[in-house]
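Geometric and topological summary
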Amino acid sequence: MSVLTEQGDLNQARQAAARPRRRFSDVAALPVATHPFKRFLDVTVAGFALLLFLPLLLVVMLAIRLETPGQAIFRQRRTGYRGRVFTIYKFRTMTVTEDSGKVQQATKNDKRVTPIGGLLRKLSIDELPQLWNVLKGDMSIVGPRPHALAHDEYYGALIATYAARFRARPGLTGYAQVNGLRGEIRDSRDMSDRVAADNSYIETWSPALDIAILVRTVPLIFGDPRAY
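Okay, the confidence of the model for the chain next. Per-residue confidence for the chain gives a mean pLDDT of 84; residues scoring 70 or more make up 79%. The secondary structure element of the chain with the lowest average pLDDT is helix α1 (residues 7-14), at 48, and the one with the highest is strand β3 (residues 140-142), at 98. Scored below 50 in pLDDT, residues 1-10 shows 20 contacts in the model against residues more than four places distant or in partner chains. The model gives residues 12-21 a pLDDT under 50, and that stretch makes 15 contacts with residues more than four places away or in other chains.

Okay, structure coming up:
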(Lines give C-alpha, C1' and ligand atoms only; values in the text may rest on other atoms or scores of the structure.)
Protein backbone atom coordinates (compact mmCIF):
# COMPACT_ATOMS: atom_id res chain seq x y z
CA MET A 1 0.00 0.00 0.00
CA SER A 2 1.57 3.29 -1.06
CA VAL A 3 1.62 6.27 1.29
CA LEU A 4 -0.91 9.02 0.53
CA THR A 5 1.00 12.09 -0.57
CA GLU A 6 -1.07 13.96 -3.15
CA GLN A 7 -3.36 16.86 -2.36
CA GLY A 8 -5.96 15.14 -4.50
CA ASP A 9 -6.36 12.49 -1.82
CA LEU A 10 -7.46 15.15 0.64
CA ASN A 11 -9.76 16.84 -1.86
CA GLN A 12 -11.45 13.55 -2.64
CA ALA A 13 -11.99 12.83 1.04
CA ARG A 14 -13.48 16.30 1.64
CA GLN A 15 -16.30 15.52 -0.79
CA ALA A 16 -17.69 13.06 1.77
CA ALA A 17 -19.01 16.02 3.78
CA ALA A 18 -22.44 15.69 2.19
CA ARG A 19 -22.91 12.06 3.21
CA PRO A 20 -25.20 11.26 6.15
CA ARG A 21 -23.71 10.41 9.53
CA ARG A 22 -23.54 6.76 10.57
CA ARG A 23 -23.62 4.96 13.91
CA PHE A 24 -20.14 3.52 14.06
CA SER A 25 -20.96 1.24 16.98
CA ASP A 26 -22.99 -0.76 14.47
CA VAL A 27 -20.38 -0.85 11.71
CA ALA A 28 -17.99 -3.77 11.27
CA ALA A 29 -14.52 -2.96 12.63
CA LEU A 30 -11.91 -2.02 10.04
CA PRO A 31 -8.34 -3.43 9.94
CA VAL A 32 -7.02 -0.16 11.38
CA ALA A 33 -8.73 -1.09 14.66
CA THR A 34 -8.31 -4.87 14.65
CA HIS A 35 -5.06 -5.82 12.92
CA PRO A 36 -2.65 -7.56 15.35
CA PHE A 37 0.37 -5.76 13.86
CA LYS A 38 -0.99 -2.40 14.93
CA ARG A 39 -1.42 -3.47 18.54
CA PHE A 40 2.00 -5.11 18.50
CA LEU A 41 3.54 -1.86 17.22
CA ASP A 42 1.69 0.15 19.87
CA VAL A 43 2.81 -1.99 22.79
CA THR A 44 6.39 -2.32 21.55
CA VAL A 45 6.95 1.35 20.78
CA ALA A 46 5.11 2.68 23.84
CA GLY A 47 6.79 0.27 26.24
CA PHE A 48 10.28 0.94 24.91
CA ALA A 49 9.71 4.72 24.80
CA LEU A 50 8.46 4.84 28.40
CA LEU A 51 11.59 3.07 29.60
CA LEU A 52 13.85 5.20 27.42
CA PHE A 53 12.32 8.52 28.45
CA LEU A 54 11.71 7.71 32.13
CA PRO A 55 14.52 10.02 33.39
CA LEU A 56 13.22 12.82 31.16
CA LEU A 57 9.66 12.29 32.38
CA LEU A 58 10.76 12.62 36.01
CA VAL A 59 12.78 15.78 35.32
CA VAL A 60 9.90 17.39 33.44
CA MET A 61 7.44 16.58 36.22
CA LEU A 62 9.74 18.21 38.79
CA ALA A 63 10.29 21.29 36.60
CA ILE A 64 6.55 21.81 36.13
CA ARG A 65 5.86 21.54 39.87
CA LEU A 66 8.64 24.03 40.66
CA GLU A 67 7.50 26.54 38.04
CA THR A 68 3.82 26.83 38.92
CA PRO A 69 1.54 25.33 41.58
CA GLY A 70 -0.60 22.39 40.59
CA GLN A 71 -0.27 18.86 39.29
CA ALA A 72 2.39 18.04 36.69
CA ILE A 73 0.03 15.78 34.75
CA PHE A 74 -2.96 17.32 33.01
CA ARG A 75 -6.02 15.11 32.55
CA GLN A 76 -8.79 15.78 30.09
CA ARG A 77 -11.63 13.72 28.66
CA ARG A 78 -11.40 12.85 24.98
CA THR A 79 -13.41 10.70 22.57
CA GLY A 80 -11.83 7.44 21.48
CA TYR A 81 -12.60 4.37 19.43
CA ARG A 82 -16.31 3.98 18.61
CA GLY A 83 -17.14 7.08 20.61
CA ARG A 84 -15.92 5.80 23.98
CA VAL A 85 -14.79 8.61 26.28
CA PHE A 86 -11.41 8.17 27.99
CA THR A 87 -9.04 10.30 30.07
CA ILE A 88 -5.97 11.51 28.22
CA TYR A 89 -2.70 12.31 30.02
CA LYS A 90 -0.41 15.20 29.13
CA PHE A 91 2.19 17.28 30.90
CA ARG A 92 0.57 20.48 32.14
CA THR A 93 1.78 23.35 29.97
CA MET A 94 -0.75 26.06 30.85
CA THR A 95 -1.98 27.94 33.88
CA VAL A 96 -5.47 26.48 33.26
CA THR A 97 -6.77 22.92 33.19
CA GLU A 98 -9.98 23.13 31.18
CA ASP A 99 -12.26 20.13 30.86
CA SER A 100 -15.76 21.52 30.62
CA GLY A 101 -18.40 22.53 28.12
CA LYS A 102 -16.12 25.27 26.80
CA VAL A 103 -12.45 24.56 26.07
CA GLN A 104 -10.34 27.25 24.40
CA GLN A 105 -7.80 25.85 21.97
CA ALA A 106 -4.19 26.93 22.28
CA THR A 107 -3.17 29.72 19.93
CA LYS A 108 0.15 31.19 18.87
CA ASN A 109 1.70 33.26 21.68
CA ASP A 110 -1.03 32.06 24.03
CA LYS A 111 -0.57 33.84 27.35
CA ARG A 112 -1.89 30.82 29.24
CA VAL A 113 1.19 28.78 28.25
CA THR A 114 3.95 28.79 30.87
CA PRO A 115 7.63 29.30 29.87
CA ILE A 116 8.48 25.65 30.45
CA GLY A 117 5.18 24.66 28.88
CA GLY A 118 6.08 26.53 25.71
CA LEU A 119 9.26 24.49 25.33
CA LEU A 120 7.46 21.23 26.04
CA ARG A 121 4.82 22.02 23.43
CA LYS A 122 7.40 23.08 20.84
CA LEU A 123 9.19 19.73 21.16
CA SER A 124 5.97 17.73 21.68
CA ILE A 125 7.33 16.51 25.02
CA ASP A 126 4.00 17.38 26.62
CA GLU A 127 2.47 14.44 24.73
CA LEU A 128 4.80 11.77 26.18
CA PRO A 129 2.45 10.76 29.05
CA GLN A 130 0.06 9.53 26.36
CA LEU A 131 2.37 6.56 25.93
CA TRP A 132 0.53 5.22 28.98
CA ASN A 133 -2.77 5.73 27.14
CA VAL A 134 -1.34 3.65 24.30
CA LEU A 135 -0.35 0.81 26.61
CA LYS A 136 -3.82 0.87 28.17
CA GLY A 137 -5.41 0.56 24.74
CA ASP A 138 -7.13 3.96 24.82
CA MET A 139 -4.90 5.21 22.02
CA SER A 140 -2.57 4.06 19.27
CA ILE A 141 0.85 5.37 18.29
CA VAL A 142 -0.62 6.43 14.93
CA GLY A 143 -4.20 7.58 14.43
CA PRO A 144 -6.44 10.64 14.40
CA ARG A 145 -5.48 13.13 17.11
CA PRO A 146 -8.22 13.26 19.79
CA HIS A 147 -9.96 16.54 20.55
CA ALA A 148 -11.64 17.85 23.68
CA LEU A 149 -15.26 16.74 24.13
CA ALA A 150 -16.51 20.29 23.63
CA HIS A 151 -14.75 20.45 20.26
CA ASP A 152 -16.12 17.03 19.25
CA GLU A 153 -19.63 18.28 19.92
CA TYR A 154 -19.12 21.56 18.09
CA TYR A 155 -17.41 20.25 14.96
CA GLY A 156 -19.48 17.08 14.91
CA ALA A 157 -22.51 19.27 14.28
CA LEU A 158 -20.76 21.14 11.45
CA ILE A 159 -18.96 18.33 9.59
CA ALA A 160 -21.00 15.32 8.49
CA THR A 161 -18.01 12.96 8.42
CA TYR A 162 -16.50 14.10 11.71
CA ALA A 163 -17.66 11.08 13.72
CA ALA A 164 -16.07 8.74 11.17
CA ARG A 165 -12.75 9.51 12.86
CA PHE A 166 -13.88 7.29 15.73
CA ARG A 167 -13.52 4.16 13.57
CA ALA A 168 -9.89 4.07 14.73
CA ARG A 169 -8.18 4.59 18.06
CA PRO A 170 -6.82 8.12 18.41
CA GLY A 171 -3.08 8.48 17.98
CA LEU A 172 -0.02 10.27 19.27
CA THR A 173 0.70 11.25 15.67
CA GLY A 174 -1.26 10.87 12.49
CA TYR A 175 -1.60 11.38 8.76
CA ALA A 176 -3.10 14.84 9.28
CA GLN A 177 -0.18 15.96 11.44
CA VAL A 178 2.57 14.88 9.02
CA ASN A 179 0.74 16.71 6.22
CA GLY A 180 0.77 20.05 8.01
CA LEU A 181 -2.78 19.89 9.37
CA ARG A 182 -1.81 20.56 12.95
CA GLY A 183 -2.22 23.48 15.29
CA GLU A 184 -4.74 26.26 15.67
CA ILE A 185 -8.14 25.90 13.99
CA ARG A 186 -9.03 29.30 12.55
CA ASP A 187 -12.18 28.26 10.67
CA SER A 188 -14.25 25.17 9.90
CA ARG A 189 -12.23 24.49 6.72
CA ASP A 190 -9.16 23.84 8.83
CA MET A 191 -11.03 21.14 10.72
CA SER A 192 -12.63 19.76 7.55
CA ASP A 193 -9.18 19.23 6.06
CA ARG A 194 -8.01 17.48 9.21
CA VAL A 195 -11.08 15.23 9.27
CA ALA A 196 -10.60 14.40 5.59
CA ALA A 197 -7.02 13.36 6.21
CA ASP A 198 -8.00 11.26 9.23
CA ASN A 199 -10.68 9.41 7.28
CA SER A 200 -8.35 8.84 4.35
CA TYR A 201 -5.88 7.24 6.74
CA ILE A 202 -8.55 5.00 8.30
CA GLU A 203 -9.90 3.81 4.96
CA THR A 204 -6.50 3.09 3.39
CA TRP A 205 -4.62 1.86 6.46
CA SER A 206 -1.77 -0.59 6.17
CA PRO A 207 1.24 -1.46 8.38
CA ALA A 208 3.45 0.31 5.84
CA LEU A 209 1.40 3.49 6.18
CA ASP A 210 1.85 3.54 9.96
CA ILE A 211 5.60 3.07 9.63
CA ALA A 212 5.83 5.81 7.00
CA ILE A 213 3.91 8.23 9.23
CA LEU A 214 6.23 7.45 12.15
CA VAL A 215 9.28 8.16 9.96
CA ARG A 216 7.78 11.44 8.80
CA THR A 217 6.96 12.41 12.40
CA VAL A 218 10.57 12.31 13.63
CA PRO A 219 11.80 15.52 11.93
CA LEU A 220 8.64 17.36 12.99
CA ILE A 221 9.55 16.82 16.65
CA PHE A 222 12.52 19.13 16.18
CA GLY A 223 11.05 21.69 13.80
CA ASP A 224 7.29 21.92 13.33
CA PRO A 225 6.23 25.60 13.05
CA ARG A 226 2.66 24.61 13.95
CA ALA A 227 3.66 23.22 17.34
CA TYR A 228 2.83 25.89 19.94
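Evaluated as defined, the whole model comprises two cavities of 30 Å³ or more. Surrounding the second largest cavity, Thr79, Gly80, Pro144, Arg145, Pro146, Arg165, Phe166, Ala168 and Pro170 form its lining. Residues belonging to the lining of the second largest cavity are distributed by class as follows: five nonpolar, two polar and two charged.

As a further point, take the packing of helix α4 (residues 54-67) against helix α5 (residues 115-122). At a minimum axis separation of 9 Å, α4 and α5 run at an interaxial angle of 150°. Here α4 is positioned roughly antiparallel relative to α5, judged by the angle of their axes. The segment α4 lies against α5, with Val60, Ala63, Ile64 and Glu67 engaging Pro115, Ile116, Gly117 and Leu120. Of the residues belonging to the contact of α4 with α5, the class tally is six nonpolar, one polar and one charged.

Once that is clear, we can look at the pairing of strand β1 (residues 73-79). Counting buried residues along β1, five of its seven residues qualify, which places the element largely inside the surrounding structure. In sequence, β1 turns back onto strand β2 (residues 85-91) through a hairpin of five residues, with arginine 82 there showing a positive phi of about 55°.

The next subject is the pairing of β2. Judged by how many residues are buried, β2 sits mostly within the fold: five of seven residues are covered. Across seven bridges, β1 lies against β2 in antiparallel orientation. Looking at β2, one finds that arginine 75 is bridged to tyrosine 89.

Two quantities define a packed helix pair, namely the angle between the axes and the distance from one axis to the other. Two numbers describe how helix α3 (residues 36-52) lies on α4: the axes approach to 4 Å, and their chain directions differ by 60°. Between α3 and α4, the angle falls in the class oblique. Residues Leu50, Leu51 and Leu52 of α3 pack against Leu54, Pro55 and Leu57 of α4. Classifying every residue of the contact of α3 with α4 by side-chain character gives six nonpolar, no polar and no charged.

Turning to the pattern of salt bridges, a few remarks are in order. For the structure on display, the rule yields nine salt bridges. For lysine 90, the salt bridge identified is with aspartate 126, shortest N-O distance 3.8 Å. Residue lysine 90 is found in strand β2, and its partner aspartate 126 is found in the loop between α5 and α6 (130-136); the two are separated by 36 residues along the sequence. Accessibility classification places lysine 90 together with aspartate 126 in one group, the buried group. Aspartate 138 is the salt-bridge partner of lysine 136, the closest N and O atoms lying 3.5 Å from each other. Exposure remark for lysine 136: the relative accessible area of 42% places this residue in the partly exposed category.

A few words now on the packing of aromatic side chains. The geometry of an aromatic ring pair comes down to the distance between the two centres and the angle between the two planes. Applying the stated criterion across every chain, the model contains two aromatic pairs. Both rings, one in tyrosine 154 and one in tyrosine 155, keep their centres 4.9 Å apart while their planes meet at 80°; by these two values the pair is edge-to-face. For tyrosine 155, a relative accessible area of 12% puts it in the buried group. Ring plane angle 80° and centroid distance 6.1 Å describe the contact between tyrosine 162 and phenylalanine 166, whose orientation is recorded as edge-to-face.

Conventions we followed
- Residues numbered from 1 in each chain as written.
- Predicted model: local features only at pLDDT ≥ 70, side-chain atom pairs only at ≥ 80, totals over all residues.
- Heavy atoms only, no water.
- pLDDT = per-residue confidence, 0-100.
- Helix = DSSP H or I, 4+ residues; strand = E, 2+ residues; numbered from the N terminus.
- Contact = heavy atoms within 4.5 Å.
- 1 Å grid on protein atoms, 1.4 Å probe; cavity = no way out; pocket = protein on both sides within 12 Å on 5 of 7 lines; lining within 4 Å.
- Points joined across faces, edges and corners; volume = space filled by probe spheres on them.
- Nonpolar A, V, L, I, M, F, W, Y, C, P; charged D, E, K, R; others polar.
- Axes fitted to C-alpha atoms, helices over the stretch in contact; angles between N-to-C directions.
- Parallel < 35°, antiparallel > 145°, perpendicular 65-115°, else oblique.
- Buried < 20%, exposed > 50% of the residue type's maximum accessible area, 1.4 Å probe, protein only.
- Pairing = 2+ DSSP bridges.
- Salt bridge = Lys/Arg side-chain N within 4 Å of Asp/Glu carboxyl O.
- Phe/Tyr/Trp six-rings, centres within 6.5 Å; stacked < 30°, edge-to-face > 60°.

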